[in-house]
Amino acid sequence: MIPTTMRAAVLAAPGRFELRQVPVPEIADDEVLVRVSRCGLCGTDIHIFKGHYSADRLPLIPGHEFSGHVVRTGAAARDVALGTAVTADINVGCGRCFYCRKNEVLNCPTMAQIGIHVDGALAEYVKVPASHLVAIPRSTPVEMGALVEPVSCIVRAVKKSRLRLGESVLILGGGPIGNLHLQLARAVGAAPVIVSEPNPGRADWARRSGADIVVSDPSQLAATVREATEGRGADLVIESVGLPVLYEQAFELVRPGGRVLAFGLTDADAQARYHPFKVVLGEIGLQGSVAGMGDDMREAMTLIAHDRVRLAEFAETVYPLARIAEAMDAFVNDRRINKIQIDMG
Ligand SMILES: NC(=O)c1ccc[n+]([C@@H]2O[C@H](COP(=O)([O-])OP(=O)(O)OC[C@H]3O[C@@H](n4cnc5c(N)ncnc54)[C@H](O)[C@@H]3O)[C@@H](O)[C@H]2O)c1
Ligand SMILES: [Zn+2]
Ligand SMILES: [Zn+2]
């Protein structure tokens, strides 16, 4: 029996979560209702929480990294079996425009992301277009499905950066996202994989996750990268922090003929400088990558289902929905915590 109201963590104003009893979302014909099991918090949620992002959408139920089970289907979505374990592609576009057809949905004029622009999964139920469901195989624990969205961002980044077997890669930043870049770089056979991360706990995490070289003293970075790449610089440098100064450094550390992957989110108006002369003579590429959508999601699910990514550390800190405010406070302030998931009970 599906109730008519549900518990939800409503971000009422920047910095203020309220646990409210709200109506269960009504679904359209092409949508399904998902009973949420788990929902992860990520850096984007911190930006929304602090009012840097989506402030015009409040009150909002955030939550965009989720998994659960289908409990109701719209008239045009009856082919989805009730009880199916699912996660979802949160990037909902018109489905018809130039960008949607190219799986570049974030540029669709009507694009809305579940949990970022419209109500998401920090609640007992969330509604999703049936076309955006990604089934979680029976052999995969349902909580792991809540990690498909973050992994899909890195799947897309690997494709956009054209990272290949035997290429050297430098990852600036060893947060949860940098850690996933490192794991997928290894999965595609990149070598050596170098991670720059000043936080000792996260530097250790990078070592445990298979980085060939971890640099925690920034003053040693340039020399270490040169030594590891016969003096050339890395084939690919990934900015996974979001600081203009690191974007500038990326161009110093990439080899001639190499690529810089722009991934870390800076402030919207931040600028970084580069030297056109060096970029031309060095034939250096700059490639952005944002989110994961469509096949990126399905491929991420496949990698998780086949244990190509080690995700235990991403699911070890779990709070119940009732303690959302405490969970967000810990996520913002406790640098020892890598990732938090909310259990919907
Ligand atoms: N493009 C996308 O699709 C996408 C998707 C998800 C996240 N992101 C962005 O990726 C970035 C990383 O995400 P996260 O969740 O890992 O963030 P995070 O803040 O948890 O981690 C960033 C890490 O960078 C480290 N760092 C700080 N200064 C550094 C420096 N000078 N050199 C090297 N490392 C330094 C920090 O110690 C921290 O461990 C964020 O900017 C996030 O917004 C982008
Ligand atoms: Zn996220
Ligand atoms: Zn579109």
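Residues numbered from 1 in each chain as written. Chains lettered and ligands numbered in written order. Predicted model: local features only at pLDDT ≥ 70, side-chain atom pairs only at ≥ 80, totals over all residues. Heavy atoms only, no water.

### What about the coordination of the zinc ion (ligand 3)?
Coordination sphere of the zinc ion (ligand 3), protein contribution only: C94 (SG), C97 (SG), C100 (SG) and C108 (SG), at 2.3 to 2.4 Å. Taken together, the 4 donor atoms coordinating the zinc ion (ligand 3) and their angles of 104 to 114 degrees define a geometry best described as tetrahedral. Take C94: its relative accessible area is 26%, and that puts it in the partly exposed class. (Donors = N, O, S within 2.8 Å, 3.2 Å for Na, K, Ca; no water. Tetrahedral: all angles 85-135°; square planar, octahedral: opposite > 155°, others 65-115°. Buried < 20%, exposed > 50% of the residue type's maximum accessible area, 1.4 Å probe, protein only.)

### Observations concerning the coordination of the zinc ion (ligand 2)
The protein atoms donating to the zinc ion (ligand 2) are C42 (SG), H64 (NE2) and E65 (OE), with metal-donor distances spanning 2.1 to 2.3 Å. Look at H64 and you get buried, because its relative accessible area is 2%.

### Considering the domain arrangement of the protein
Domains assigned within the protein are domain 1 (5–135 + 311–343) and domain 2 (152–288). For domain 1 versus domain 2, the separation of C-alpha centres amounts to 29 Å. Across the boundary between the two partners, domain 1 contributes 8 residues, which contact 9 residues of domain 2. Taking both sides of the interface into account, the surface hidden between domain 1 and domain 2 amounts to around 810 Å²; carbon and sulfur atoms contribute 43%. Where domain 1 packs against domain 2, one counts 1 salt bridge. Linking domain 1 to domain 2 there are 5 residue pairs in polar contact (both at pLDDT 80 or more). Of the residues in the side of domain 1 that touches domain 2, the class split is 3 nonpolar, 2 polar and 3 charged. (Domains from an automatic or database assignment. Contact = heavy atoms within 4.5 Å. Buried area = accessible area lost by both parts, 1.4 Å probe. Salt bridge = Lys/Arg side-chain N within 4 Å of Asp/Glu carboxyl O. Polar contact = N/O pair within 3.5 Å; in protein donor to acceptor, adjacent residues only side chain to side chain. Nonpolar A, V, L, I, M, F, W, Y, C, P; charged D, E, K, R; others polar.)

### Points about the nonpolar core
Ranked by internal contacts, the top residues of the largest apolar core, which has 49 residues, are V32, L41, F66, L122, V128, I340 and I342. Considering each element in turn, this core owes the most residues, 6 residues, to strand β3 (residues 31–41). Beyond its immediate sequence surroundings of up to four residues, I340 is in contact with C39, G40, L41, T317, Y319, A327, A330 and F331. Among the nonpolar cores identified, the runner-up in size contains 40 residues, and I171, A203, A206 and L311 belong to it. (Core = buried A, V, L, I, M, F, W, Y, C linked by side-chain atoms within 4.5 Å. Helix = DSSP H or I, 4+ residues; strand = E, 2+ residues; numbered from the N terminus.)

### Overview of the sheet that holds strand β12 (residues 213–215)
The parallel open sheet is built from 6 strands, whose spatial order is β12-β11-β10-β13-β14-β15. Taken across any chain shown, the strands that pair with only one partner, and hence form the sheet edges, are β12 and β15 (285–288). The mean inter-strand angle of the sheet, taken between neighbouring strand axes irrespective of direction, is 20 degrees. Across 3 bridges, the pairing between strand β11 (residues 193–196) and β12 is parallel. (Pairing = 2+ DSSP bridges. Axes fitted to C-alpha atoms, helices over the stretch in contact; angles between N-to-C directions.)

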